[in-house]
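Topology and contacts: notes
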Amino acid sequence: MATSTETVSYDLDIGGMTCASCAARVEKRLNRLDGVSASVNYATEKAHVDARAGVVVDDLISEIVRTGYTAALPREVQSDEVDPAYLLLRLRLIISIALAVPVIAMAMAEPLQFAGWQWASLVLATPVVTWAAWPFHRAALRNARHRTVTMDTLISVGVTAAYTWSLYALFFGTAGMWGMTHPFRFIERGDGLGSIYLEVAAGVTMFLLLGRFLEQRSKRRAGAALRALGELGAKDVAVVRGGREERMPLADLVVGDVFIVRPGEKIATDGVVLEGASAVDASMLTGESVPVEVRPGDAVTGATVNIGGRLRVSATRIGGDTQLARIARLVEEAQSGKAEAQRLADRLSAVFVPIVFAISAVTLVAWLLVGGGTAAAFTAAVAVLIIACPCALGLATPMALLVGTGRGAQLGLLIKGPEVLESTRRVDTIVLDKTGTVTTGRMTLLEVIPASGEDEAEVLRLTAAVEEASEHPIAQAIVRGATERLGALPAVESFQNVQGRGVTGVVEARAVVAGRPSLLADWGLQLDSSLAVAFDDAEESARTAVAVAWDGRVRGVLIVADQVRPSSADAIAALRRLGLRPVLLTGDNERTARRVASAVGIDEVRAGVLPEQKVAEIVALQQQGRSVAMVGDGVNDAAALAQSDLGIAMGTGTDAAIEASDLTLVRADLWGAVDAIRLARRTLGAIRGNLFWALAYNVAAIPLAALGLLNPMLAGAAMAFSSVFVVLNSLRLRRFGGAAAPAAR
């Protein structure tokens, strides 16, 4: 019998995963199902499932639940909505800090040990060890059911062992005697029944919750790029039905509907212009700084802005088929691919945890075989578990990240997570978007060329006066340049906007016409040879030229262009000194891209690249063995930023680009990229140093604990000291200094 080859895809939100091994477990369980192919992403907490026809989503959810996790179909999340699980984790952290700090203080400082202090410690530590540490205990139980161990297992066992032994010492040993004190000793032989280790149980829980909280705070932003893209489009649309215009929600629009777009409005969806002519600002999607002139028959894209005349548009694509939706999917796919790398601490725990359990078990058996006594054997075994409990290991990454990102924020650099830092060490190529990154992204008046015998200031004054009534970015650039140089402008009368060609008006009783030579030709005016050469030279160098005439004569030509940032050339030279190879990648035309690249010292240029092609270009570089950083600012850069090994967004750019990136530069300056890479590499060095010493302190003390030279109190001290070292090492990042641009030196 023939079987159906039709497949259906589902995306599911997965809850309860605490490490990359959890994602692997869910993925393995789903892939065991007949006709199912699944990929689970720990970073975004999502599963993508391709299943043959007949497999229903409820079966998939049930299978995940049986694995010990939660699953549900994705729902739309509001930008201001807070996850209840995140709030509960924050509450656990706050309460554990409030209760654990007094316990630690009393245990470590003998003057604070008042009569009955040990029972007060029990009262304070119990909620921390049970309720606050419940996420670790729950994960350990789930791991036990599946016969696996993770860092959560070691944390849970270590905390439980310290707490249980303390209970035993309080109720059946001498530790519960009224007036007992607990002096701090580094080496102690004995049965341990006079000592309690509640500060170890509470302290480990508090520090690990801090690490988990900082990690979750970073992961909460994983879906923000997609939400930013969703919020970019129009929310409603003016549709023409039955000869009447009515405004309705965008969701009610269907392919073939005719809708109206007024000046200043966003185009609701992808379509074709039926009537009208206008300039459309598509820079957020295409990277083009100059607005695109559209007329009947031209295609327009949803979420771009109509800045000129009234348009009548027929919808050709809606919903998930639009260009904006396709970019959103590219961002999601790129994020999913990058999240496969596991964190270094997880990799270490995969080997470290089983070894520690084995050493503890061997210690217990060895002491019993040599006749050391049950209490001494158990004390040594517990000491091994507690000395190995990875408080500093869990703190190593978030502490360095906290200090490094705090210092970065002071310098205008925002780093999103620890996985970002690992990328910077390997980066050898930096891909730069042109518009808004290397250039200012705003049209600027560069030059006024008067005709022979004309006054330059007068040519600029009258041109700006007639252009002031226009909303076109080229007109506004001329107006800004004129007001900065000349001050107030005269009023214009009888203003007319000739779509795609220029403007006309009367200024101080003079009939002024400004725009393309074809518009001037309609008035019987021709550019003289010198002005014609200037106009053509501007066009050849990818600048925009505007000719102006009045009283029957052409008076001059004004040159406008998107200007290169003053700091770009020096910053790119600094990036080269860091070992990075710069590449200019832009949706703009080849001629403009080459001019900009030449001005800033970039040899490799890839121009005329669409958003989908930008991702392909990044992938192509990666397939050559390069590790790629990408700097951009537009929606068209969002997917490429997510695909790159290190995404850097200009803070002046769109929310979608910022959220899809790994690093954000608050200041609109490529020197920020130089500082960002230097700081990220320095922070990564601190994290690696923290991880090494966090393990070194504990590993070095394990043999002493196994030999019975340390009781769990000293294990707690070693844990605290390793944590202090991690904190101090991380605080060195506060001295990091940014690289000043030459102009500021």
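Residues numbered from 1 in each chain as written. Predicted model: local features only at pLDDT ≥ 70, side-chain atom pairs only at ≥ 80, totals over all residues. Heavy atoms only, no water.

1. Description of the overall build of the chain
In terms of regular secondary structure, the chain is built from 26 helices and 26 strands. Taking all 745 residues of the chain together, the buried fraction comes to 52%. When the accessible surface of the chain is summed, it comes to about 31300 Å², and 57% of that surface belongs to carbon and sulfur atoms. (Helix = DSSP H or I, 4+ residues; strand = E, 2+ residues; numbered from the N terminus. Buried < 20%, exposed > 50% of the residue type's maximum accessible area, 1.4 Å probe, protein only. Areas by Shrake-Rupley, 256 points an atom, 1.4 Å probe, with all protein chains shown as cover.)

2. Let's talk about the nonpolar core
Ile 196, Leu 198 and Val 356 are the most contacted members of the largest nonpolar core, which has 52 residues in total. Going through the elements one at a time, α3 (84-108), α4 (117-132), α6 (151-172), α7 (198-219), α11 (344-369), α12 (374-388) and α25 (671-706) are the ones with two or more residues in this core. The residues contacting Leu 198, other than those within four sequence positions of it, are Val 103, Gln 118, Ser 121, Leu 122, Ala 125, Tyr 163 and Ser 166. Of all hydrophobic cores here, the second largest spans 35 residues; its members include Ala 574, Val 605, Val 631 and Leu 646. (Core = buried A, V, L, I, M, F, W, Y, C linked by side-chain atoms within 4.5 Å. Contact = heavy atoms within 4.5 Å.)

3. Side note on the sheet that holds strand β21 (residues 553-564)
An order of β16-β21-β20-β19-β18-β17 is seen for the 6 strands of this open sheet, with the pairing classed as antiparallel. Two strands lie at the open edges of the sheet, namely β16 (439-450) and β17 (493-498), each paired on one side alone. Mean inter-strand twist for the sheet, computed between neighbouring axes without regard to direction, equals 20 degrees. With 4 bridges joining them, strand β19 (residues 510-515) and strand β20 (residues 544-550) adopt antiparallel strand pairing. Across the sheet, residue Val 512 finds its bridge partner in β20, namely Trp 550. Helix-sheet contacts for helix α17 (residues 473-486) involve β16, β20 and β21, and the interaxial angle to β16 is about 65 degrees. (Pairing = 2+ DSSP bridges. Axes fitted to C-alpha atoms, helices over the stretch in contact; angles between N-to-C directions.)

4. Things to note about the pattern of salt bridges
A full pass over the atoms with the stated rule returns 24 salt bridges. A salt bridge links Asp 433 to Lys 614; the shortest N-O distance between them is 3.3 Å. Here Lys 614 lies in helix α22 (residues 611-623) and Asp 433 lies in strand β15 (residues 429-433), a separation of 181 residues in the sequence. Across the pair, Lys 614 and Asp 433 agree in class, each one buried. Residues joined by salt bridges that share partners form a network here, namely Arg 581, Glu 604, Arg 606, Glu 617 and Arg 626. (Salt bridge = Lys/Arg side-chain N within 4 Å of Asp/Glu carboxyl O.)

5. Some words on the packing of aromatic side chains
Tallied over the full model, the rule gives 3 aromatic pairs. A centroid spacing of 5.4 Å and a plane angle of 75 degrees characterise the contact between Trp 119 and Phe 171, whose relative ring orientation is edge-to-face. Remark: Phe 171 occurs in helix α6 and Trp 119 occurs in helix α4; sequence separation between them is 52 residues. Relative to Phe 172, the ring of Tyr 168 lies with its centre 5.5 Å away and its plane at 40 degrees, an arrangement referred to as tilted. Taken together, the positions of Tyr 168 and Phe 172, both in helix α6 and 4 residues apart, correspond to about one turn of that helix. According to the relative accessible area criterion, Tyr 168 is partly exposed, its value standing at 39%. Note on Phe 172: relative accessible area 63%, which makes it exposed. An aromatic cluster of at least three residues, connected via ring pairs, comprises Trp 165, Tyr 168 and Phe 172. The ring of Trp 131 carries the charged tip of Arg 92 above its face, separated from the ring centre by 4.9 Å. (Phe/Tyr/Trp six-rings, centres within 6.5 Å; stacked < 30°, edge-to-face > 60°. Lys NZ or Arg CZ within 6 Å of the ring centre and 35° of its normal.)

6. Here we look at the pairing of β20
β20 sits mainly inside the fold: 7 of its 7 residues count as buried. Burial of β20 is two-sided: the residues Thr 544, Val 546, Val 548 and Trp 550 facing one way and the residues Ala 545, Ala 547 and Ala 549 facing the other way are all buried. Where β20 and β21 come together, 7 bridges link them in antiparallel fashion. From the neighbouring strand, Trp 550 faces β21, where its bridge partner is Arg 553. Adjacent in sequence and paired antiparallel, β20 and β21 are bridged by 2 residues, among which Asp 551 carries a positive phi angle near 50 degrees.

7. Here we look at the confidence of the model for the chain
Low-pLDDT portions of the prediction should not be read for the details of their coordinates. The predicted model of the chain averages 80 in pLDDT, with 80% of residues at 70 or higher. Highest mean pLDDT in the chain belongs to α4 (94); lowest belongs to helix α10 (residues 323-338) (58). (pLDDT = per-residue confidence, 0-100.)

8. Remarks on the environment of Glu 456
Tracing the chain through its elements places Glu 456 in helix α16 (residues 456-467). The spatial distance from the C-alpha of Glu 456 to the C-alpha of Arg 555 is 9.2 Å, given a sequence separation of 99 residues. Aside from chain neighbours lying at most four places away, what touches Glu 456 is Val 448, Pro 450 and Arg 485.

9. Topic: a nonpolar patch on the surface
The grouping of Leu 88, Leu 91, Ile 95 and Trp 131 at the surface amounts to a nonpolar patch, some 310 Å² of accessible area in total. Among the elements that line the nonpolar patch, the one with the most residues is α3, at 3 residues. Mapped onto the secondary structure, Ile 95 falls in helix α3. A relative accessible area of 31% means that Ile 95 is categorised as partly exposed. (Patch = residues over 30% accessible without salt bridge, like charges linked within 9 Å, V, L, I, M, F, W, Y side chains within 5 Å.)

10. Section: the packing of α16 against α17
It is the contact of α16 with α17, at a shortest axis distance of 9 Å, that shows an interaxial angle of 130 degrees. Classified by the angle their axes make, α16 and α17 are oblique. The two elements α16 and α17 cross, and the hand of that crossing is left-handed. Of the residues in α17, those in contact with Glu 456, Ala 457, Leu 460, Arg 461, Thr 463, Ala 464 and Glu 467 of α16 are Ala 475, Gln 476, Ile 478, Val 479, Gly 481, Ala 482, Arg 485 and Leu 486. (Parallel < 35°, antiparallel > 145°, perpendicular 65-115°, else oblique. Left-handed = near helix turned anticlockwise from the far one by under 90°.)

11. Some remarks on the packing of α3 against α4
It is the contact of α3 with α4, at a shortest axis distance of 9 Å, that shows an interaxial angle of 155 degrees. Our classification of the angle between α3 and α4 gives roughly antiparallel. Relative to α4, the crossing made by α3 is left-handed. Contact residues: α3 offers Leu 88, Leu 91, Arg 92, Ile 95, Ser 96, Leu 99, Ala 100, Pro 102, Val 103, Met 106 and Ala 107, while α4 offers Trp 117, Ser 121, Leu 124, Ala 125, Pro 127, Val 128, Trp 131 and Ala 132. Residue composition of the contact of α3 with α4, grouped by class: 16 nonpolar, 2 polar and 1 charged. (Nonpolar A, V, L, I, M, F, W, Y, C, P; charged D, E, K, R; others polar.)

12. Some thoughts on α4
Spanning 16 residues, α4 covers 22 Å between terminal C-alpha atoms, matching the ideal 22 Å at 1.5 Å per step. Bending of α4 peaks at approximately 35 degrees at the position of Ala 125, with proline Pro 127 no more than four residues after it. Trp 117, Gln 118, Ser 121, Leu 122, Ala 125, Val 128, Val 129 and Ala 132 are the residues of α4 that are buried. (Expected span 1.5 Å × (residues − 1). Bend = angle between axes of the 7 residues up to and from the residue.)

13. Structural notes on the UniProt feature "transmembrane region" (unreviewed entry) in the chain
Look at the UniProt record and you will see "transmembrane region" (unreviewed entry) annotated at residues 91-109, 115-134, 154-180, 192-211, 348-370, 376-403, 691-707 and 713-731. From the first C-alpha to the last, residues 91-109 spans 28 Å; its make-up is 95% helix and 0% strand. What you have in residues 115-134 is 85% helix and 0% strand, and the ends, taken at the C-alpha atoms, are 31 Å apart. (UniProt positions renumbered as here; feature names shortened; annotations may be inferred.)

14. A short note on unusual backbone geometry
Located in the positive-phi region is Ala 303, a residue other than glycine, with phi close to 80 degrees. Looking at the element boundaries, Ala 303 is found in the loop between β11 (299-300) and β12 (305-306). A positive phi angle is found at Asp 551, which is not glycine, with a value near 50 degrees. You can see Asp 551 is positioned in the loop between β20 and β21.

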